Amino acid sequence: MGSNSLFEYNQILNQLKTYTNIPQHLISSFTHFNLLIYRSDQQNRFSQPMLWIGIYIALASLLCTLAMVADLVHGIRNRKLWFPCKYFTPNAASLSVIAVAIKLPMDLNNSMPGQVDLDAKVESLAFMCTMMANMLPSLATMDNKELLTNIIALGVLVITLVVNVCMQINTGLLSLYHHEELLVTNVEAKDRSPYMYAYAHRYGIVATIYVGLLLMLLIIYACSFITILKTKQILNSKYQVAHEANLKDLQSDLTGRLTVEKLKQHVRNYWIMAGTSSSQFVTACSAITSASGVICACSTVFPVYMMYLGALRDYKSDYKWSMLVIFITQFIGVILGSIAPLFRCFADLSFSLSIKWMWNRINVFKVESYWTQKLCDWKHSSLAFSVSSRKSRIVIQNSSTVILSICIAFQKMVVVACKMMAFIPIFFVIGVLYGIRGWKGMKAMFSSEGTHATPGQIEKFKDLQCYILTLEDDIELAERTLKGITKSVNLVIQKAEKHQPNNLMKLIEECSSFKGDRDVTPLQVEDHLSCWSLTLVTLATVAVSLPNIPKETRDRLLSSVSEGLVYVTLVEETFNASNEYVSMRKAAKSLWLEVEVYHKWLGNKLRKLAPQVKTAKQILECFRDTAENMTTEVESLNVCANLMFRTTKTILFSYHATIDKISQEELFGKLSSMIADILATCLTNLPQVIAMKCHTDVIEKREASVHAAARLLGETMQIINTLLQHHQLPSLNTDELPIIDKWRAYLKHPFP
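Rules behind the numbers
Residues numbered from 1 in each chain as written. Predicted model: local features only at pLDDT ≥ 70, side-chain atom pairs only at ≥ 80, totals over all residues. Heavy atoms only, no water. Helix = DSSP H or I, 4+ residues; strand = E, 2+ residues; numbered from the N terminus. Buried < 20%, exposed > 50% of the residue type's maximum accessible area, 1.4 Å probe, protein only. Contact = heavy atoms within 4.5 Å. Areas by Shrake-Rupley, 256 points an atom, 1.4 Å probe, with all protein chains shown as cover. Salt bridge = Lys/Arg side-chain N within 4 Å of Asp/Glu carboxyl O. Phe/Tyr/Trp six-rings, centres within 6.5 Å; stacked < 30°, edge-to-face > 60°. Axes fitted to C-alpha atoms, helices over the stretch in contact; angles between N-to-C directions. Parallel < 35°, antiparallel > 145°, perpendicular 65-115°, else oblique. Left-handed = near helix turned anticlockwise from the far one by under 90°. Nonpolar A, V, L, I, M, F, W, Y, C, P; charged D, E, K, R; others polar. Core = buried A, V, L, I, M, F, W, Y, C linked by side-chain atoms within 4.5 Å. Patch = residues over 30% accessible without salt bridge, like charges linked within 9 Å, V, L, I, M, F, W, Y side chains within 5 Å. Lys, Arg positive; Asp, Glu negative; His and termini not counted. Charge placed at Lys NZ, Arg CZ, Asp CG, Glu CD. Expected span 1.5 Å × (residues − 1). pLDDT = per-residue confidence, 0-100.

J.: What am I meant to see in the overall build of the chain here?
T.: Scanning the chain for helices and strands turns up 33 helices and two strands. Counting every position in the chain, which comprises 752 residues, the buried fraction comes to 49%. Taking as baseline every contact in the chain between residues at least 6 positions apart, the subset at least 24 positions apart corresponds to 83%. Summed over all atoms, the accessible surface of the chain reaches about 37,900 Å², with 60% contributed by carbon and sulfur.

Quick look at the structure:
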């Protein structure tokens, strides 16, 4: 019946009353069904939005699938087949989307009478297992507070899901379709064998298995939380030792100038250190991640089997055809999402297949100290809060000791169980690899040419060993893995070389010496700081405002300065972190946006700033007067206006005898030369910027930091070579080179 079922039912009753051969008391008894029909109509009306809710669930599932696929593509492009998590990580946004994607098994009320309905509901549990297995290594990218918060949030979500599924199993909601099937076929109760009972409740049985898998994954997450806290400390201490050793080598190189080859070697060393000490890489190679991959593989069995059966037309729930969309979307997510966890099962093969390595993997009952060290530290430490009563302190301390002892024992049990699960895939592959190695050895015996490494390659590999940081000292990284790491850093540098700033290079090649900034120093008083970027923006503003200069020439200068400001800002951010310099950088950034995009200076159109002036002197005087008035009127613009006032006044003073004869073309050439000199002067600090960018104390940001350093080296390689070949550094200390005022002081008084 439709939405007007009650009206139609009453019409039928009225028609029956016209028949005299139907007893009236029978017709009256039919009126008692009015309330039931009314409630049914209301329920149908309330369930109409369920189709759109189903589409919403499908879209959320699609987002999760796309995020997992993005991590797959990212891993393949970076040649990291352990597939680090970059896009799909547990956080507030992703957990909210996941909660929507798994709404079907959370639904306690709506019946699922069709087979597709039940398939989609149970498949959502497999989809949740896949997502949890995918996100596991990303825990290592979080700081301690974020890690704890996200695990608690995920735990609440999983426990809620498990409880809801258990309720549905208990109430028989997951077997409702098959109860109806048994009723239709009129099977007697005595003829219902255990096999038929199991067949009728197979969805409930499968859901029970998935509940177990979800709880196992949640326990693995808790185990990972304890382990990651300690492994980060171990890796960080090893990294600091290697960093100190590398820093000594760098300081010895600073007696000369850092060449491109030295920078490549420096970046490569830190790339290896950051890659091998990556907590995400260590987590991906651990037994718990391999165990999660095995669990993920098990969870794919049911969706694949149901898709194989191909019963995709039987959907009868209120979600209607959206159930089919959800089923297909999540099936694709399960299949594609299981690739990364399966590959991580073999991430441990990144290390050398030595006898010691194999014995460590066979001895599954050996639990290394880092698995439980954090719990042991908590066990032997005093409680953070104080209690006045001595007896209460003793009871609380003893209770915490007992609880932590139980947790340590449970942690060891989980680790042993995970090692047993990880044992299955890893040794299957080891057998295959040793078979291949034996076959290659036999071929080498009967062939005249061998594939032995050259002495130079062996020596190079030994030199890089000191930069390989592993969690266990007796485990060595495989040579093929090290080659892959060094190849990846070379690819980043080569790719960045294709994006070098050509306009900036052409401008710098015009610079013959470090003299450009001397012409703007006479009025630079001691109580006024300056920075590279603001000086460049000020000079460029005057240059592009000259009306007689062709537009192409002005645009080329704008492009050159725009490219140069990117690297100038990096220099300033690296070396000048005080509040005064930060405020000047912000002012320069805002001012350059005005000049480049809107062709304005502090709200004044460059073309309308002095519409009647024609000579270079008049333009400079116009900027000087406008800036002087602005310094007295608008306090917030004092920094930019004050520098413009001092710059234009200095230029006018330096040409006071011949200023009337200076043409706009000559002034533009002079300003361009100043800009080129300042850029060249500032960018002599790029090698130090690259060297410093390789290192960061935050373990979660090391890979990103050294990746940025490698990309910066590739982009600026030609600039660094040009500056090394054509320019000689002054006798300034290393910490004085990035400061523009130190250069001005030196150029004003070259000899102390």
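Resuming the write-up.
J.: Can you help me understand the pattern of salt bridges in this one?
T.: Should their charged atoms come close, side chains of opposite charge can pair. For the coordinates displayed, the defined rule picks out nine salt bridges. Ionic pairing is found between Lys232 and Glu700, a salt bridge with its closest N-O pair at 2.6 Å. You can see Lys232 sitting in helix α11 (residues 202-253) and its partner Glu700 sitting in the loop between α31 (686-693) and α32 (702-726), a full 468 residues away along the chain. Judged by its relative accessible area of 27%, Glu700 is partly exposed.

J.: Explanation requested: the packing of aromatic side chains in the structure shown.
T.: In this description, a pair of aromatic rings is defined by centroid distance and the angle of the planes. As enumerated under the stated definition, the model contains eight aromatic pairs in all. Between Trp82 and Phe281 the ring centres are 5.3 Å apart and the planes differ by 65°, which places this aromatic pair in the edge-to-face class. A residue pair is termed long-range when its members are at least 10 positions apart, and Trp82 in the loop between α4 (50-77) and α5 (92-101) and Phe281 in helix α13 (residues 279-284) qualify at 199 residues. For Phe281, a relative accessible area of 7% puts it in the buried group. Every member of this aromatic cluster is reached through a ring pair, and the members are Trp82, Phe281 and Phe351.

J.: Where do I start with the environment of Asn721 in this structure?
T.: Position of Asn721 relative to the elements: it lies in helix α32. Of the residues examined, Asn721 reaches a relative accessible area of 30% and is grouped as partly exposed. Sequence separation of Asn721 and Thr259 is 462 residues, and the distance between their C-alpha atoms is 7.6 Å.

J.: So what exactly am I meant to see when it comes to α31 here?
T.: Note that an α-helix has 3.6 residues per turn; residues three or four places apart therefore point the same way. Judged by how many residues are buried, α31 sits mostly within the fold: six of eight residues are covered. The set of residues buried in α31 consists of Leu686, Pro687, Gln688, Val689, Ile690 and Ala691.

J.: Help me understand the packing of helix α7 (residues 115-135) against helix α16 (residues 322-337), please; the structure alone is not making it clear to me.
T.: When two helices pack together, their arrangement is given by the angle between the helix axes and the distance between those axes. Put simply, α7 and α16 touch, their axes get as near as 9 Å, and they point 30° apart. Compared by their axis directions, α7 and α16 come out roughly parallel. As for the relative orientation of α7 and α16, their crossing is left-handed in sense. Contacts from Val116, Asp117, Asp119, Ala120, Glu123, Ser124, Ala126, Phe127, Thr130 and Asn134 in α7 reach Met323, Leu324, Ile326, Phe327, Gln330, Phe331, Gly333, Val334 and Gly337 in α16. Residues belonging to the contact of α7 with α16 are distributed by class as follows: 10 nonpolar, six polar and three charged.

J.: When you look at the environment of Ser560 in this model, what are you seeing that I'm missing?
T.: Its place among the elements puts Ser560 in helix α25 (residues 551-575). C-alpha separation for the pair Ser560 and Asn502, spaced 58 residues apart in sequence, amounts to 8.1 Å.

J.: Would you explain the nonpolar core in this entry?
T.: Most often, soluble globular proteins have nonpolar side chains that are buried together. Grouped together as the largest cluster of nonpolar side chains are 112 residues, with contacts concentrated most on Trp357, Trp601, Ile675 and Leu683. Per-element tally for this core: the top contributor is helix α30 (residues 664-683), with 11 residues. Apart from residues lying up to four places away in sequence, Leu683 is in contact with Leu504, Ile508, Tyr567, Val568, Ile719 and Leu723. The next biggest cluster of nonpolar side chains, apart from the first, holds 82 residues, and it includes Cys223, Val282, Phe327 and Tyr370.

J.: Looking at this structure, I do not really get the side chain of His243. What am I missing?
T.: With respect to the helices and strands, His243 occurs in helix α11. Residue class for His243 comes out buried when judged on its relative accessible area of 7%. Beyond its immediate sequence surroundings of up to four residues, His243 is in contact with Tyr270, Met273 and His695.

J.: Mind showing me how you'd approach a positive patch on the surface here?
T.: A contiguous patch of positive charge on the surface is contributed by Arg77, Lys86, Lys495 and Lys498. In this structure, Lys498 sits in the loop between α22 (479-497) and α23 (502-508).

J.: Teacher, can you tell me more about a nonpolar patch on the surface here?
T.: Nonpolar side chains collect at one region of the surface, where Leu59, Leu62, Leu63 and Leu66 lie side by side and expose about 380 Å² of accessible area between them. Mapped onto the elements of the fold, Leu59 is located in helix α4.

J.: Any chance you could explain unusual backbone geometry here in plain terms?
T.: Leaving glycine aside, a negative phi is the common case for residues, and trans is the common case for peptide bonds. Positive phi, normally seen in glycine, also occurs at Lys320, with a value near 55°. On the basis of relative accessible area, Lys320 is assigned to the partly exposed category, the value being 44%. In this model, His599 sits at a positive phi of 55°, which is unusual for a non-glycine residue. Position of His599 relative to the elements: it lies in the loop between α26 (579-598) and β1 (600-601).

J.: Is there a simple way to explain helix α14 (residues 287-299) in this structure?
T.: Here α14 contains 13 residues, and its C-alpha end-to-end distance of 18 Å stays within 8% of the 18 Å for a straight helix at 1.5 Å per residue. Of all 13 residues that make up α14, 11 are buried, and the element is covered over most of its length. Regarding α14, the residues found buried are Ala287, Ile288, Thr289, Ser290, Ala291, Ser292, Gly293, Val294, Ile295, Cys296 and Ser299.

J.: Looking at this structure, I do not really get the confidence of the model for the chain. What am I missing?
T.: Detail in the predicted coordinates should be disregarded across regions flagged by low pLDDT. When the pLDDT values of the chain are averaged, the result is 81; 77% of them are 70 or greater. Across residues 186-191, where pLDDT falls below 50, the model places three contacts with residues more than four positions away in sequence or in other chains. Contacts for the low-pLDDT stretch residues 515-527, under 50 throughout, to residues beyond four places or in other chains number 26 contacts.

J.: I'm lost on the environment of Leu342 in this one. Help?
T.: Relative to the helices and strands, Leu342 is located in helix α17 (residues 339-344). Residue classification places Leu342 among the partly exposed residues on the basis of a relative accessible area of 34%. With near-sequence residues (within four places) excluded, Leu342 lies in contact with Gly293 and Ala297.

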